[in-house]
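# Survey of secondary and tertiary structure
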Amino acid sequence: MAHRGMGECPVCRYEVKLSQQQCFAEQHIAVSHGPSREQVFAGILTGGNPDWGSSRQYVHWACDTCIEKGRAILAHPKQQEFYRCWPYFAYFSVRFTCPRCEVEFEFDKRDQFNRFEVEHHWVQVWPRFCRACSSSKPLRTPLRYEAIQAMQPPATSSGEA
Ligand SMILES: [Zn+2]
Ligand SMILES: [Zn+2]
């Protein structure tokens, strides 16, 4: 059991006092539909996600030193689209194996920042395949506006002149 209020940084593995880390500063994480600091700390200290949200098990955060040294990038929950899952408190590069080509690739921390805070993808949607495989996927033909309109029930004229 970790010391009270101390958590192991997922990047450098040093134990730090959670409440003193800039990624958990009160005004930084205050999002009306987001978790409270207490919920975040409980999620970290239990090593899982027992109390809040459901979609992603682990809390992504990093200690101040890792952010200052560039091993992680400070994330901004206010800039992210999330619902019933942890927002990101920090981004750090993660390596995983693409299930399609079985090549190991890195989801870079800067790509994560762009994906979640510039392009505003839902944070619970992690890219499944490597970049090469993702871009070779056949794109679904977008429905044309006329086709969408044709699917609508005929408009009623009530209320119109
Ligand atoms: Zn660290
Ligand atoms: Zn691939």
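Definitions and cut-offs
- Residues numbered from 1 in each chain as written.
- Chains lettered and ligands numbered in written order.
- Predicted model: local features only at pLDDT ≥ 70, side-chain atom pairs only at ≥ 80, totals over all residues.
- Helix = DSSP H or I, 4+ residues; strand = E, 2+ residues; numbered from the N terminus.
- Buried ≥ 20, exposed ≤ 12 C-beta atoms within 10 Å, placed from the backbone.
- Contact = placed C-beta atoms within 7 Å.
- pLDDT = per-residue confidence, 0-100.
- Pairing = 2+ DSSP bridges.
- Arc of directions from axis to C-beta.
- Core = buried A, V, L, I, M, F, W, Y, C linked by C-beta atoms within 7 Å.

### A short note on the overall build of the chain
- The helix and strand tally for the chain stands at six helices and six strands.
- The linear arrangement of helices and strands in the chain, starting from the amino end, is β-β-α-α-α-β-β-β-β-α-α-α.
- Per-residue burial for the chain yields a buried fraction of 24% across its 161 residues.
- A separation threshold of at least 6 residues defines the contact pool for the chain, and within that pool the share at least 24 residues apart is 57%.

### Examining the confidence of the model for the chain
- Overall, the prediction assigns the chain a mean pLDDT of 80, with 76% of residues at 70 or greater.
- Low pLDDT (under 50) marks residues 139-150, which in the prediction has one contact with non-local residues, meaning those over four places away or in another chain.

### Observations concerning the pairing of strand S6 (residues 104-107)
- Sheet analysis places strand S5 (residues 94-97) next to S6, joined by four bridges and oriented antiparallel. Residue Arg 95 lies in a different strand from S6, and its bridge partner there is Glu 106.
- Hairpin connection of S5 to S6: six residues between the antiparallel strands, including Glu 102 at a positive phi of 60°.

### Looking at unusual backbone geometry
- Its identity is not glycine, yet Arg 13 carries a phi of approximately 70°, on the positive side.
- Considering the arrangement of structural elements, one finds Arg 13 in the loop between strand S1 (6-8) and strand S2 (15-17).
- Residue classification places Arg 13 among the exposed positions, given that 8 C-beta atoms sit within 10 Å.
- Phi angles above zero are rare outside glycine, and His 120 is one such case at about 60°.
- Checked against the element boundaries, His 120 lands in the loop between helix H4 (109-118) and helix H5 (131-136).

### Describing the environment of Lys 78
- Its location among the elements puts Lys 78 in the loop between strand S3 (73-74) and strand S4 (90-91).
- Between the C-alpha atom of Lys 78 and that of Gly 34, which follows or precedes it by 44 residues, the distance is 9.1 Å.

### So, the environment of Val 123
- Here Val 123 shows up in the loop between H4 and H5.
- Given 23 C-beta atoms within a 10 Å radius, Val 123 is considered buried.
- Distance from Val 123 to Gln 112, taken between C-alpha atoms, is 9.2 Å for residues eleven residues apart in sequence.

### Topic: helix H2 (residues 37-45)
- Regarding H2, the residues found buried are Val 40, Gly 43 and Ile 44. The buried side chains of H2 occupy one side of the element, clustering within an arc of 95° when seen end-on.
- Packed against the buried residues of H2 are S1 and helix H1 (26-29).
- In the segment just after H2, Gly 47 is the residue with positive phi, at about 75°.

### Regarding the nonpolar core
- Core analysis: the largest hydrophobic core is formed by 27 residues, its most contacted members being Cys 23, Ala 62, Ala 72, Ala 75, Phe 89 and Ala 90.
- At the level of secondary structure, the elements contributing two or more residues to this core comprise H2, helix H3 (64-68), S3 and S4.

### Looking at H4
- Among all positions in H4, only Lys 109, Gln 112, Phe 116 and Glu 117 are buried. Looking straight down H4, one finds that the buried residues subtend no more than 90° of arc, so they occupy a single side. For H4, the exposed residues lying more than 90 degrees away from the buried face are Arg 110 and Val 118.
- Where the residues of H4 are buried, they touch S3, S4 and S6.
- Among the residues trailing H4, His 120 stands out with phi positive, at a value near 60°.

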